[in-house]
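Read off the chains here:
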Amino acid sequence: TTYPPQKTLIKKLDEHFHPTLPSIQSVDYTNTSIMATAFSCDKSTASAEVVANLATYAVENCPVSWSVGAKAAEMVGRDSYFQGDTPLDTWVGYLVVIGFGALFSVFTTFVVYLDKTFAGNASMTSEHFNTAGRMVKTGLTASVIVSQWTWAATLLQSSNVAWQYGVSGPFWYASGATIQVLLFGVLAISLKDIAPSAHTMCEIVRARWGKNAHLTFLFFAFCANVIVTSMLLLGGAATVEALTGMKYELAAFLIPWGVILYTSAGGLKATFMASYLHTMIIFAVLITMITLVYIKVYSSDQIYSFLDNTVSYSPEQCMAIYSTAGTVETSFFYSGDKTVLGLTEGTAQYACGPVAGNAQGSYLTMLSGDGLMFGIINIVGNFGTVFVDQSYWQSAIAARPASAAKGYLLGGICWFAIPFSLATSLGLASTALMLPISRGEAGSGLVPPAVADNLLGDAGAILILIMLFMAIVSTGSAESIAVSSLVAYDIYREYINPEATGKQILWVSRVVIVVFGVFMGLFAIALNAMGLNLGWVYLFMGIVIGSAVIPLWNMMTWDKASGKGAIIAAWGGFALALISWFVGASIESGSVSVATLGSNPVMLSGNLVAILSSGFIHYVYSKFIDPQEYDFSTLDANIHLVEQDTAGLTEDIINKDEIRRSKRWIVRRGYLLTFVLVIVWPILSIPAQVFTESYFAFWVLVSIAWGFGAAIVITFLPLFESQDEIGKVCSGMFNFLMCKKVEGEEFAEEEPVKEVDEPAEPVKEAEPEAEVEADAGESA
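Note that this is a predicted model, so its numbers are computed, not measured. (Residues numbered from 1 in each chain as written. Predicted model: local features only at pLDDT ≥ 70, side-chain atom pairs only at ≥ 80, totals over all residues. Heavy atoms only, no water.)

(A) Focus on the overall build of the chain. Looking only at helices and strands, the chain features 31 helices and two strands. Looking at the chain residue by residue over its 780 residues, the buried ones come to 58%. Long-range contacts, defined here as pairs at least 24 residues apart, represent 82% of the contacts in the chain between residues at least 6 apart. Total accessible area on the chain is roughly 29400 Å²; 63% of this is exposed by carbon and sulfur atoms. (Helix = DSSP H or I, 4+ residues; strand = E, 2+ residues; numbered from the N terminus. Buried < 20%, exposed > 50% of the residue type's maximum accessible area, 1.4 Å probe, protein only. Contact = heavy atoms within 4.5 Å. Areas by Shrake-Rupley, 256 points an atom, 1.4 Å probe, with all protein chains shown as cover.)

Here it is as structure tokens:
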């Protein structure tokens, strides 16, 4: 920010590295503060007429984006960042959506084939298709959790709340969605203890509470899958359209096909392997963006100065800046168009001026009323999308008992870096540079692509597009396999064909994956036609599924939990949430519409009522009306395997003493980290009020360190843990290519899984233990 006396050398370096920035080159380098003059209006790309008009409103410093960047001249008088123009050609959108999908399908299927052929892992039974053999290790479990929890909203909506609320937005997004993963680790290890044979969470509901409860929670499980997939496609299709010009409807319909191909071919194992690759790519782009914003192009001190400048303007000055001619009369700063989602008469459309509800109107404070309100909504809503989403239960089912708790804890800690670090860089940079990102664009998740395009041009847009596609296909594949498991085991096997064979279950699973992908593409198009964008659906999700959270927690941890009480709590909480949501909109705005239902206070009321009312109802009913004395040791006996595939279920794997130790381990650390992230960290930031320059620098340092640390762990730990399997595959491939035979079996050929004739009432252990041992002897 300051220049030394050797100004000639500095100017030559500046001219060499920034030949496209004439405003920087024309700065008087004898000035001790470059920022004092570098972004004054007369140094910007604005015309002399606009500069003169702005001067009548005492606007001396213009937006940074008017002076910096190859597109600086295009930023003046622009009423939206993308304005119908796309930084990339349409063919790039088709290449990413179709090409990447096909590439990952071929690659993932090939890797699964190598794993099966050369490492001797399980053949494709229905059990293996839906559980991945129940032997996934800690690193891969953590990587899968990060991948599943990294939605399009994680990348897009987190930067939107930074654009709206400042530093509190990324923090509340990250902490408010991390604690659910940490706490789910308790359920994950509990599942290994009391229901290790389970395929779905609804199977456990059926085994403990019966048919009515099973149908109830099946409804909420499907709602969770549909809502999560809707957000993936809404944000993904909007970004693909904004960056490439590809039609929204076409993007929404084609994106799921990349998921369908490899998920239907390889099942959960293919999903896990693809998720690891997706997570690596996401972290690579994340590190690139952090480095650009805070190390290569700008510094934390510069961003701090720019953010201070952003909130220094009066409403009149903001109107003059966001206008076609630098005058209030030609301004488009405010919108009175009530047909635009979430906008009312006089709503500011751009990041300019003090932030309403923030201490001193600053972006640089955790004392933000709206930010805290978003945090509460985020916490409540995300409990639903973790605890009620079958994909997280499926990851717990697939993990080794020793890896389940540690994998969820490590995954939650590493995932925190993605919204926190990404939004602290790209989200805050959008307001610091005062890019002409409209409120509608921000709500559709276009903040990251706008900033990346401003920093790197087409390369930045491509990086964000790839990063987004990785998030969509990784979470999309997890949701697809989750829905297929629910339909195959909880509908087809439970109510249509109780004596279904493994081949029939496998066939149904694959068909459902295809049908669900097509349905979600069409459903996302319908949601967009209704005027619902990513931000609206994100806030809405807790109202729909929040009432199922506490009953499911009680099912796994409380022996007195009543099945009737759970049904009443789930439906009662859902009904009360909808009522409070509509009533709140009517009271606040005098009318009920998509726009009035989408305000933060109204969404907050609905989310809180959903989770709290259901918890209260279930506790009262179970404690005083219908108390149970359930014996958890009997639960697993009511869950039946389809085939004689007991991988991951043997006594040496299901060690009760080890499971109890793991449970104590995750309970202590999960609760402690939750307390730190939700209570301790925010309280410690209160004395700072509005951040000083040094405090903000430390905040940025934490985000950078967390991002780099998480990227290293999530990339190398799975490789380290799987070195034996990787070695087997590599040596097997080498010997195969060299036509080299070794003593014994070089390529593992497994004993095929025995088909078991299903009795009318299936039993889990199809053979007595002695026969199993005899078979094992024959095999040996």
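(B) Molecular detail of the packing of aromatic side chains. Using the criterion set out here, one finds 45 aromatic pairs in the structure. Ring centres of Phe 387 and Trp 553 lie 5.9 Å apart, and the angle between their planes is 35 degrees; this geometry places the pair in the tilted category. With a gap of 166 residues between them, Phe 387 in helix H16 (residues 369-387) and Trp 553 in helix H24 (residues 549-557) connect regions that are remote in the sequence. You can call Phe 387 buried: its relative accessible area is 2%. Following the ring pairs from residue to residue traces out a cluster consisting of Phe 171, Trp 172, Phe 416, Phe 420, Trp 681, Phe 691, Tyr 695, Trp 699 and Trp 706. (Phe/Tyr/Trp six-rings, centres within 6.5 Å; stacked < 30°, edge-to-face > 60°.)

(C) View of the packing of H24 against helix H27 (residues 600-625). Contact geometry of H24 with H27 gives a least axis separation of 7 Å together with a crossing angle of 40 degrees. On the basis of their axis angle, the class for H24 and H27 is oblique. Contact residues: Val 549, Ile 550, Pro 551 and Asn 554 in H24; Ile 611, Ser 614, Gly 615 and His 618 in H27. Of the residues that constitute the contact of H24 with H27, the class distribution is four nonpolar, four polar and no charged. (Axes fitted to C-alpha atoms, helices over the stretch in contact; angles between N-to-C directions. Parallel < 35°, antiparallel > 145°, perpendicular 65-115°, else oblique. Nonpolar A, V, L, I, M, F, W, Y, C, P; charged D, E, K, R; others polar.)

(D) Molecular detail of the confidence of the model for the chain. Counting all residues, the mean pLDDT for the chain is 80, and 82% of those residues have values of 70 or more. Every residue in residues 337-345 scores below 50 in pLDDT, and together they form 16 contacts with partners more than four places removed in sequence or on other chains. Every residue in residues 743-780 scores below 50 in pLDDT, and together they form 48 contacts with partners more than four places removed in sequence or on other chains. (pLDDT = per-residue confidence, 0-100.)

(E) Spatial organisation of a positive patch on the surface. On the surface, a cluster of positive charge is contributed by Lys 406, Arg 661, Arg 664, Arg 668 and Arg 669. A per-element tally of the positive patch places helix H28 (residues 656-685) first, with four residues. With respect to the helices and strands, the residue Arg 661 is situated in helix H28. (Patch = residues over 30% accessible without salt bridge, like charges linked within 9 Å, V, L, I, M, F, W, Y side chains within 5 Å. Salt bridge = Lys/Arg side-chain N within 4 Å of Asp/Glu carboxyl O. Lys, Arg positive; Asp, Glu negative; His and termini not counted. Charge placed at Lys NZ, Arg CZ, Asp CG, Glu CD.)

(F) Inspection of helix H8 (residues 138-149) at higher detail. Compared with the 16 Å implied by 1.5 Å per residue over 12 residues, the 16 Å span of H8 between its first and last C-alpha is a close match. Taken residue by residue, H8 has Thr 138, Gly 139, Leu 140, Thr 141, Ala 142, Ser 143, Val 144, Ile 145, Val 146, Ser 147, Gln 148 and Trp 149 as its buried positions. (Expected span 1.5 Å × (residues − 1).)

(G) Molecular detail of the state of the cysteines. Overall, the coordinates contain two disulfides when judged by the stated rule. One disulfide bridge connects Cys 318 with Cys 352, the sulfur atoms lying 2.1 Å from each other. Across the S-S bond of Cys 318 and Cys 352 the torsion is about -90 degrees, and the bridge reads as left-handed. Highlighted residues: Cys 318 in helix H15 (residues 315-321) and Cys 352 in the loop between strand E2 (347-348) and H16, separated in sequence by 34 residues. Considered together, Cys 318 and Cys 352 belong to a single accessibility category, that of buried residues. In the chain, the bonded cysteines, taken in the order they occur along the sequence, pair up as 1-2, 3-4. (Disulfide = S-S within 2.5 Å.)

(H) Structural view of helix H14 (residues 300-310). Burial runs high along H14: eight of the 11 residues are buried. Of all the positions in H14, only Ser 300, Gln 302, Ile 303, Tyr 304, Phe 306, Leu 307, Asn 309 and Thr 310 are classed as buried.

(I) The arrangement of the side chain of Ser 395 in detail. Secondary-structure assignment places Ser 395 in helix H17 (residues 390-398). Look past the residues within four positions of Ser 395 in its chain and what remains in contact with it is Val 144, Ile 145, Gln 148, Phe 272 and Tyr 408.

(J) Expanded view of the packing of helix H12 (residues 211-244) against helix H21 (residues 458-496). Taken N-terminus to C-terminus, the directions of H12 and H21 make an angle of 160 degrees; their axes are 10 Å apart at the nearest point. On the basis of the axis angle, H12 is roughly antiparallel to H21. Remark: the crossing between H12 and H21 carries left-handed chirality. (Left-handed = near helix turned anticlockwise from the far one by under 90°.)

(K) Structural detail: the nonpolar core. Trp 151, Ile 204 and Phe 696 are the most contacted members of the largest nonpolar core, which totals 228 residues. Among the nonpolar cores identified, the runner-up in size contains six residues, and Leu 140, Val 144, Phe 272 and Tyr 276 belong to it. (Core = buried A, V, L, I, M, F, W, Y, C linked by side-chain atoms within 4.5 Å.)

(L) Up close: the pattern of salt bridges. A full pass over the atoms with the stated rule returns four salt bridges. Among the salt bridges present, the one from Arg 206 reaches Glu 494, with a minimum N-O distance of 2.9 Å. Of this pair, Arg 206 sits in helix H11 (residues 201-209) while Glu 494 sits in helix H21, placing them 288 residues apart in sequence. On the basis of relative accessible area, Arg 206 is assigned to the partly exposed category, the value being 29%. For Glu 494, a relative accessible area of 28% translates into the label partly exposed.

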